[in-house]
Amino acid sequence: MKAVLDIRRGAPGETPHNQTFDVPFEPGQSILDGLRALRRDVDPSLAFRFACINANACKECMMLIDGKVDYACTVRLKEGVTTLAPLPKKALVRDLVTEIAPPDERLHLKS
Amino acid sequence: MHLETDVLVIGAGGAGMYAAIEASRAGASVILADRSLIGRGGATVMAQMTVAAALGDREPDSWEYHLSDTLAAGRGLCDETLAAMVCEEGPGRIREMDAWKVGWARDGEHIAQVHAPGHDRARCVYVEVLSTGPAVSKTLRTQLNLVSGVRRIGDLAIVDIVVEDGRACGAVAIHIPTSEIVTIAATSVIIATGGLTRLYRRNSASSNMGGDGYALALRAGAPLIDMEFVQFFPIGHLAPRLVGMDPIMWDPFRYKLGGKLLNSEMHEFETDYARSDQRSDGNYVLTRDLATYAISKEVEAGRGSPAGGAYLSFQHVPEDVIRKSFGPVVDRLAANGIDLATQLVEVAPIAHYHMGGVQVNAQLETNIEGLYACGEAIGGANGANRLSGNAITEAFVFGARAGVNAAERAKRARTRWSDAAAKPAVALLRSAEKRDTPNPAHLVADLQALMADKVGPFRTQQKLGEAIAALDDMTKAIGDQPWSSAEPFDTVLLDWLDLRNMLLVAKSVAVPALARTESRGAHQRDDFPGLDDSWTLNQTIALAGDRLDLAKRVPSSRKVPV
Ligand SMILES: Cc1cc2nc3c(=O)[nH]c(=O)nc-3n(C[C@H](O)[C@H](O)[C@H](O)COP(=O)(O)OP(=O)(O)OC[C@H]3O[C@@H](n4cnc5c(N)ncnc54)[C@H](O)[C@@H]3O)c2cc1C
Ligand code: FES
C-alpha cells in the first residue's frame with residue numbers, strides 16, 4: 001500500500017512550502033513510522049519531534065494531521081493523501097517541529 | 001552561550017531527576033539538561049511494569065533476601081557494594097515516592113506487591129494499569145518544581161564533558177532548536193543518560209537511547225565495565241504493527257494468563273528447551289535468557305513466524321478472563337484490530353536493558369574527579385543479568401546518592417572552567433559541513449542491523465570479529481568532521497553526533513564480547529557454551545587515543561562496615 005504525505009516545511013522567516021512524498025506501508029503502521037522511513041530513505045533533513053516511538057508516553061510527536069492536532073505515533077498511515085503541518089499555536093522551530101517545552105524548561109527564558 | 005552551576009546533571013530520567021532533587025536539597029545549584037523534554041525522553045517514562053523493593057509490609061522480607069536474588073541473577077559478576085545499596089536503600093525511596101503521591105497500587109492498607117520472575121517472593125510494586133513509568137516521571141517532575149535551585153533545560157544535547165587536569169569542569173552542548181553551542185561550567189557533572197538499546201534493530205528504546213553517556217565517559221577518560229552484557233527481552237512485540245503500546249507489553253499478559261509460545265508448525269516448543277537444572281520462574285517455563293535462546297533457535301531452524309519470531313497464543317484463555325485481567329488494554333488492542341481470543345501475535349527477542357556501563361565507586365564517582373554517574377548508565381550492580389524490577393529502583397537509589405555526593409563535592413571544591421579544555425568539542429561543532437550523503441539516518445539503521453546480526457544475544461568469534469571490522473569501517477566513513485543540514489533543529493548534525501557516539505559504544509560492547517570466551521547470563525557464545533569459572537571476572541574498557549583497551553578485575557565484594 002502507498003500513502004502520500006503532504007508535509008508543510010520551512011523555518012521561521014522563510015515562506016513555508018509543501019512537499020509531498022510517497023510512502024510505502026503495511027497496514028497498522030503509524031504516521032511516525034512513515035516519517036522515520038522518509039528520513040532514512042529519502043530526506044534526512046526532514047524535522048519532526050519524537051522520543052518513545054511506540055508507547056505513546058513521551059507526548060512529543062504532536063502535530064496537525066489532516067487539520068487535527070494528534071500524535072504522529074498513534075494515527076495510522078492510510079492510502080491517499082494525508083497532510084501534515086506543525087502545531088498552529090506554538091512557535092515554529094522548523095518543518096513539523098514547534099517549541100512545546102514548558103517556558104521555564106527552555107534555554108532562552110523569556111524575561 | 002555560557003552557563004555556570006555547581007552541579008550539572010545530564011539526562012532527566014528517573015536517575016537524573018532524583019539526582020537533581022537531592023543535589024538541590026543538599027544546597028547546590030543545579031542544571032538539569034536533557035536532549036529531549038524534561039522527564040520524557042528515556043526509558044523511565046516508558047516503563048510499564050514493576051519496581052522491586054523489600055518493603056516487607058505484606059509478607060516478611062528483608063533487603064538481604066532481595067540482595068541474594070540480585071546476586072544470583074548477576075551470575076557472580078555483581079559489584080556487591082552497589083547491588084547492596086540498591087536493595088538496602090530501595091524501600092526508603094519507594095516510600096518517599098509514595099509520600100510524593102506516585103500512587104503505588106494498594107492491597108488493603110498495604111502497598112501491593114507482586115511476585116516477578118527471579119525474586120523469591122512478592123516484592124514488586126506498580127501503578128495501575130501498566131502506568132508505572134508515566135506516574136514515576138510525573139511525580140519526580142512535580143518534586144523538581146517544588147525544590148528551588150534546579151534550572152531545567154530541555155532540547156539541550158551534551159556533546160562532550162570537559163576535563164581539565166583529571167577533573168571534570170563542565171560540558172559542551174548543542175541547543176537543538178537553534179543549533180547554538182552552549183558551554184556549561186560545573187564543579188560536579190553527573191551522567192544520567194540511560195541505556196544503549198537503540199544500538200539494535202529490534203529494541204524497546206526511545207530515540208535518545210543510543211548510549212551517549214557511555215561515549216561521554218569514554219572520551220572523558222572514564223572506563224566502562226561489563227559492556228558485553230546487553231539484556232534481551234524474549235517476547236517483544238513483532239507483528240502485526242501495534243501503535244500506542246509498548247513492545248514489551250506481553251510480559252504481564254503472559255505472566256498472569258500463561259500465554260503459549262508456538263513455532264510455525266504450531267508446536268509449543270518451550271518445553272523442548274527446558275533444562276532440569278534451570279529454575280523455572282513462577283508461571284514461566286523458561287527464564288528470560290532461555291526463552292530468548294529457544295525463540296532464536298526455532299527461527300534459525302526455519303520454524304519461525306512470518307515476521308521472524310514466534311507466535312504467542314492466548315487462545316486457550318477464556319475471553320472473560322482476559323478482559324477481567326487487562327480490560328483497558330484489551331480495548332487498546334481492539335483499536336489495533338487484535339482480538340486475543342481468536343488471533344495469534346508474533347513476538348521476538350528485543351534489546352531491552354544494559355547491565356554494563358560507566359564504572360563508579362561507592363560514591364558513584366568515576367575515576368575522573370568530579371564526574372559521577374547513576375541509573376542505567378552505570379555498570380556493576382546487575383553483573384551478567386538484571387532482575388526484573390531492579391532498574392527503576394537503581395535509578396532512584398543511585399540518582400539520589402549521586403546527587404548528594406556531587407553537591408557535597410561542589411561545596412568543597414572550586415570550579416576551574418577551562419576554555420582551552422572545551423575547545424576541541426566547540427571546534428568540532430563549528431567545523432560541521434553541509435552534507436547529507438551518505439544519508440546518516442540510513443547509517444544508523446545499518447548500524448542497528450549490524451549489531452542485531454553480529455552482536456546479538458548469541459555470539460561467535462567470527463561474527464564478533466566481522467562486527468568490529470565493520471564498525472571500524474563505518475567510523476572511518478563518518479570521519480571527524482560533522483555533517484549538517486539546516487540551522488534550527490539540524491537533524492543531520494544530530495544523526496552524525498549520534499553515530500559518533502553509537503559507533504564507539506557499539507565497539508565497546510563487541511570488543512569485550514569477543515574477549516569473553518564463555519557463556520554467562522546475557523552474554524552467550526555459541527562457540528563457548530557454558531560458564532567457565534576462570535571467567536568470574538569483570539572486564540573494563542577505556543579509550544586510549546583511538547584505541548579501546550580492555551582490562552580484567554575480580555568482582556568487587558561487599559565491604560561490611562564494622
Ligand atoms: C519500555 C521499557 C519498559 C521498562 N519497564 C521496566 C519496569 O517495569 N521496571 C523496571 O524496573 N525497569 C523497567 N525498564 C528499565 C528502566 O525503565 C530503566 O532502566 C530506567 O528507567 C532508566 O532510568 P535512567 O534515569 O537511568 O534513564 P532514562 O530514563 O532512560 O533517562 C535518560 C535520559 O537521558 C537523556 N539523554 C541521553 N543522552 C543525552 C545527552 N547526550 N544529553 C542530554 N540528555 C541525554 C535522555 O533523553 C533521557 O531522557 C524498562 C525499560 C523500557 C525501555
Ligand atoms: S513518539 Fe512518544 S508519544 Fe508519540
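Computed from a predicted model, the values in this text were never measured in an experiment.

Definitions and limits used
Within every chain, residues take consecutive numbers counted from 1 along the sequence as written. Chain labels run from A onward and ligand labels from 1 onward, assigned in the order the entries are written. A pLDDT threshold of at least 70 governs which residues receive local features in this predicted model, and a stricter bar of 80 or more applies before side-chain atom pairs are shown or counted, although totals over entire chains, interfaces and linings include all residues. Side-chain descriptors were evaluated using all non-hydrogen atoms of the structure, hydrogens and water having been removed beforehand. What makes a residue near a molecule or strand is one non-hydrogen atom of that residue sitting within 4 Å of it. We call two N or O atoms a polar contact when they sit within 3.5 Å, provided that within protein one can donate a hydrogen and the other can accept it, with sequence-adjacent residues counted only if both atoms are side-chain atoms. In these tables, accessible area is a Shrake-Rupley quantity obtained with a 1.4 Å probe, and a residue counts as shielded only by the protein chains included in the view. Working definition: helices are DSSP H or I runs of at least four residues, strands are E runs of at least two. Numbering for both runs from the N terminus. In this count, Pro and Cys sit with the nonpolar residues alongside Ala, Val, Leu, Ile, Met, Phe, Trp and Tyr, while Asp, Glu, Lys and Arg are called charged and the others, Gly among them, polar. Paired rings are identified among Phe, Tyr and Trp, the last through its six-membered ring, by centres lying within 6.5 Å, and are further divided according to the angle between planes into stacked (under 30 degrees), edge-to-face (over 60) and tilted (the rest). When a residue's accessible area, from a 1.4 Å probe over protein chains only, is under 20% of the maximum for its type it is buried; when over 50% it is exposed; and in between it is partly exposed. Look at NZ for Lys and CZ for Arg. If either is within 6 Å of the ring centre and within 35 degrees of the ring normal, a charge sits over the ring. The pairing criterion is simple: DSSP has to find at least two bridges between the two strands. Angles run from 0 to 180 degrees between N-to-C directions of axes, and those axes are lines fitted to C-alpha atoms, restricted for helices to the stretch in contact. Contact between two residues is taken to exist if any of their heavy atoms lie within 4.5 Å; hydrogens are not considered. Nonpolar cores were defined as sets of buried Ala, Val, Leu, Ile, Met, Phe, Trp, Tyr and Cys residues, with membership established by side-chain atoms within 4.5 Å. The distinction between a cavity and a pocket rests on a 1 Å grid over the protein atoms alone: a 1.4 Å probe fits inside a cavity but cannot get out, while a pocket stays open yet meets protein on both sides within 12 Å along at least five of seven lines, and a residue with an atom within 4 Å of a point counts as lining. Grid points are joined across faces, edges and corners, and a volume is the space filled by probe spheres set on the points.

A. Structural detail: the site of ligand 1. Residue and element names in this part refer to chain B. In the neighbourhood of ligand 1, 40 residues make up the surrounding shell, with Asp-34, Thr-44, Thr-50, Asp-212 and Glu-376 lying closest. Interatomic distance of 3.3 Å between a backbone N/O atom of Ala-391 and an oxygen atom of ligand 1. With the chains in place, 99% of the 1,000 Å² that ligand 1 exposes on its own is no longer accessible. Element by element, the count of residues in the shell around ligand 1 is highest for helix α10 (residues 390-412), at 4 residues. Its residues placed into classes, the shell around ligand 1 shows 17 nonpolar, 17 polar and 6 charged.

B. Just the packing of aromatic side chains, in detail. Residues and elements named next belong to chain B. All told, the structure shown has 11 aromatic pairs over all chains when counted by the stated rule. Each ring, one from Trp-250 and one from Phe-253, has its centre 5.2 Å from the other, and the planes form 75 degrees; the classification is edge-to-face. Note that Trp-250 and Phe-253 are positioned in helix α6 (residues 250-257) at a spacing of 3 residues, about one turn of the helix. Accessibility classification places Trp-250 together with Phe-253 in one group, the buried group. Ring geometry for Phe-253 versus Phe-314: centroids 5.9 Å apart, planes at 65 degrees, classification edge-to-face. Taken together, the residues Phe-253 in helix α6 and Phe-314 in the loop between β14 (310-313) and α9 (319-335) connect sequence positions 61 residues apart. For the pair Phe-253 and Phe-314, one class covers both residues: buried. Just above the ring of Phe-458 sits the side chain of Lys-297; from NZ or CZ to the centre is 5.7 Å. Between Arg-386 and the ring centre of Tyr-353, over which it is positioned, the NZ or CZ distance is 4.1 Å.

C. Spatial organisation of the sheet that holds strand β1 (residues 2-9) of chain A. Residue and element names in this part refer to chain A. Here we have 5 strands laid out as an open sheet, ordered β2-β1-β5-β3-β4, and mixed in their pairing. Strands with a single pairing partner mark the edges of an open sheet, and in this sheet they are β2 (17-24) and β4 (68-71). Sheet twist, expressed as the mean angle between neighbouring strand axes with direction ignored, is 35 degrees. Strand direction decides the pairing type here: β1 and strand β5 (residues 80-85), joined by 5 bridges, are parallel. Note on β5: the bridge partner recorded for Ile-7 is Leu-84. With respect to the sheet, helix α1 (residues 31-41) is in contact with β1, β2, β3 (62-65) and β5, its orientation differing from that of β1 by roughly 75 degrees.

D. Looking closely at the nonpolar core. Ranked by size, the top nonpolar core spans 137 residues in total, and within it Trp-104 and Phe-398 of chain B carry the most contacts. In this structure, Leu-286, Leu-340, Val-345 and Val-347 of chain B belong to the second largest nonpolar core, which totals 33 residues.

E. Quick peek at unusual backbone geometry. Residue Ala-239 of chain B is joined to Pro-240 of chain B through a cis peptide bond whose omega torsion reads -10 degrees. Looking at the element boundaries, Pro-240 of chain B is found in the loop between β12 (230-239) and α6. Non-glycine residue Lys-59 of chain A carries a positive phi angle of around 60 degrees. Of note, Lys-59 of chain A is situated in the loop between α1 and β3.

F. Summary view of empty space enclosed by the protein. Residue and element names in this part refer to chain B. Scanning the model with the defined rule gives 4 cavities of 30 Å³ or more in all. The space that makes up the largest cavity amounts to roughly 100 Å³. At the level of secondary structure, the elements contributing two or more residues to the lining of the largest cavity comprise β12 and α8 (288-300). Here the residues of the lining of the largest cavity sort into 5 nonpolar, 5 polar and 2 charged.

Remember that the coordinates give geometry; whether it matters functionally is a separate question.
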